[in-house]
Amino acid sequence: IAILSLFSMPVKAVEKSIGLSMAFSTIDSKVTDDIDNNGSVDTTKDISNDVGIPSLFFELSNQVGRANLSVGLDWIPVDAEFDSRSTTQSTLKGKDDGAASSGTNKGTVDVSDHLTLYVRLGTEVTEDTEVYLVAGMASADVEADVQSVSSTNKKVGLDLDGDKLGVGVKRTIGGAFIKLEYAEVDYDPISVVTSNDTKVTADMDTAQVSLSFGRSF
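So, here's what we can say about the structure. The shown structure was predicted, so the numbers you read here are calculated from the model rather than taken from an experiment.

1. A word on the overall build of the chain
From N to C terminus, the chain includes one helix and ten strands. Starting at the N terminus and ending at the C terminus, the chain contains elements arranged as α-β-β-β-β-β-β-β-β-β-β. Across the 217 residues of the chain, 40% fall into the buried class. Taking the intrachain contacts of the chain between residues at least 6 apart in sequence as the baseline, contacts between residues at least 24 apart amount to 65%.

Right, here's the structure in full:
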């Protein structure tokens, strides 16, 4: 409510902006397997993927003194594979004669409809240059595909939520602008339990540098 009230202050007319961003992201994931779903961790694997992700954004901005306040929504219009991993497991499950078998567990996490609602708070350092802090909340739809040697394969739809924090600089050029931003997103862990009670959990974080081009009106 406090943020929205700033946009009702008769300081300057509310400025609207649209634009395109390209983010160069490092996605770090910690994947754990709990084979009996009893709270223990049987295998752990750390994964790092580098991806380029485009997005579209819309912002509302107002100036209060020397501070610039913006509320925006960023949308990734394409699906992205955030996580993919494999690990070898030996198991007695699924064998009637009790003999051990081994194979490879595989898992992928595909993300779609990724949205980030954010607030930017900046200050002008020159007439056309602003430095800012940004904070936001991210959400997305996830399809997790788990292939386990000790159970049937399983696809599950999940919700992915996270918190964003970052810093950036914005340069105005006539009615257009460019932004250079560094941000980190800390996602909540997501889990899938297979048919034989193997719990697979992925904890993902991203660090990204993004370059944005936009126009105000």
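There's more to say after this.
2. Examining the environment of Glu 15
Positionally, Glu 15 belongs in strand E1 (residues 15-34). Look at Glu 15 and you get partly exposed, because its relative accessible area is 35%. Distance from Glu 15 to Ser 61, taken between C-alpha atoms, is 5.0 Å for residues 46 residues apart in sequence. Setting aside its immediate chain neighbours within four residues, Glu 15 contacts Glu 59, Leu 60, Ser 61, Ser 216 and Phe 217.

3. Some points on the pairing of strand E8 (residues 176-187)
Residues Phe 177, Lys 179, Glu 181, Ala 183, Val 185 and Tyr 187 of E8 are buried on one face, while the alternating residues Ala 176, Ile 178, Leu 180, Tyr 182, Glu 184 and Asp 186, pointing to the opposite face, are not. In this structure, E8 lies alongside strand E10 (residues 199-216), joined through eleven bridges in antiparallel fashion. Each bridged residue has a counterpart across the sheet, and for Glu 184 the counterpart in E10 is Ala 207.

4. A few points about the packing of aromatic side chains
Scanning the model with the defined rule gives one aromatic pair in all. Here Phe 57 and Phe 177 contribute two aromatic rings whose centre-to-centre distance is 6.2 Å and whose plane-to-plane angle is 45°, an arrangement assigned as tilted. Of this pair, Phe 57 sits in strand E2 (residues 43-64) while Phe 177 is found in strand E8, placing the two residues 120 residues apart along the sequence. Each member of the pair, Phe 57 together with Phe 177, is buried. Cation over ring: Lys 164 sits above Tyr 118, and NZ or CZ is 5.4 Å from the ring centre.

5. A few points about the pairing of E2
Sheet topology places E1 next to E2; 19 bridges connect them, and they run antiparallel. Of the residues in E2, the one forming a bridge with Gly 19 is Phe 57. Judged from the nine bridges that link them, E2 and strand E3 (residues 67-76) form a sheet pairing that is antiparallel. Residue Gln 63 lies in a different strand from E3, and its bridge partner there is Asn 68. Hairpin remark: E2 followed by E3, antiparallel, with two residues in the connecting loop; positive phi at Gly 65, about 65°.

6. What to know about the nonpolar core
Grouped together as the largest cluster of nonpolar side chains are 18 residues, with contacts concentrated most on Val 142, Leu 160 and Ile 190. Mapped onto this core, the elements with two or more residues apiece are strand E5 (101-126), strand E6 (129-147), strand E7 (154-173), E8, strand E9 (190-193) and E10. Of all the elements, E6 adds the most residues to this core, at five residues. Setting aside residues up to four positions removed in sequence, Leu 160 forms contacts with Val 111, Ala 138, Ser 139, Ala 140, Val 142, Tyr 187, Asp 188, Ile 190 and Met 204. The next biggest cluster of nonpolar side chains, apart from the first, holds five residues, and it includes Phe 57, Tyr 118, Tyr 132 and Val 134.

7. Considering the pattern of salt bridges
This structure, assessed with the given rule, holds five salt bridges. For Arg 120, the salt bridge goes to Glu 59, with nearest N and O atoms at 3.0 Å. Taken together, the residues span a long stretch of sequence, with Arg 120 in strand E5 and Glu 59 in strand E2 at a distance of 61 residues. A residue is classified by how much of its surface remains accessible, and Arg 120, at 1% relative accessible area, is buried. Measuring nitrogen to oxygen at the nearest pair gives 2.9 Å for the salt bridge that ties Lys 179 to Glu 59.

Analysis parameters
- Residues numbered from 1 in each chain as written.
- Predicted model: local features only at pLDDT ≥ 70, side-chain atom pairs only at ≥ 80, totals over all residues.
- Heavy atoms only, no water.
- Helix = DSSP H or I, 4+ residues; strand = E, 2+ residues; numbered from the N terminus.
- Buried < 20%, exposed > 50% of the residue type's maximum accessible area, 1.4 Å probe, protein only.
- Contact = heavy atoms within 4.5 Å.
- Pairing = 2+ DSSP bridges.
- Phe/Tyr/Trp six-rings, centres within 6.5 Å; stacked < 30°, edge-to-face > 60°.
- Lys NZ or Arg CZ within 6 Å of the ring centre and 35° of its normal.
- Core = buried A, V, L, I, M, F, W, Y, C linked by side-chain atoms within 4.5 Å.
- Salt bridge = Lys/Arg side-chain N within 4 Å of Asp/Glu carboxyl O.

Interpretation in functional terms is not warranted from these geometric data alone.
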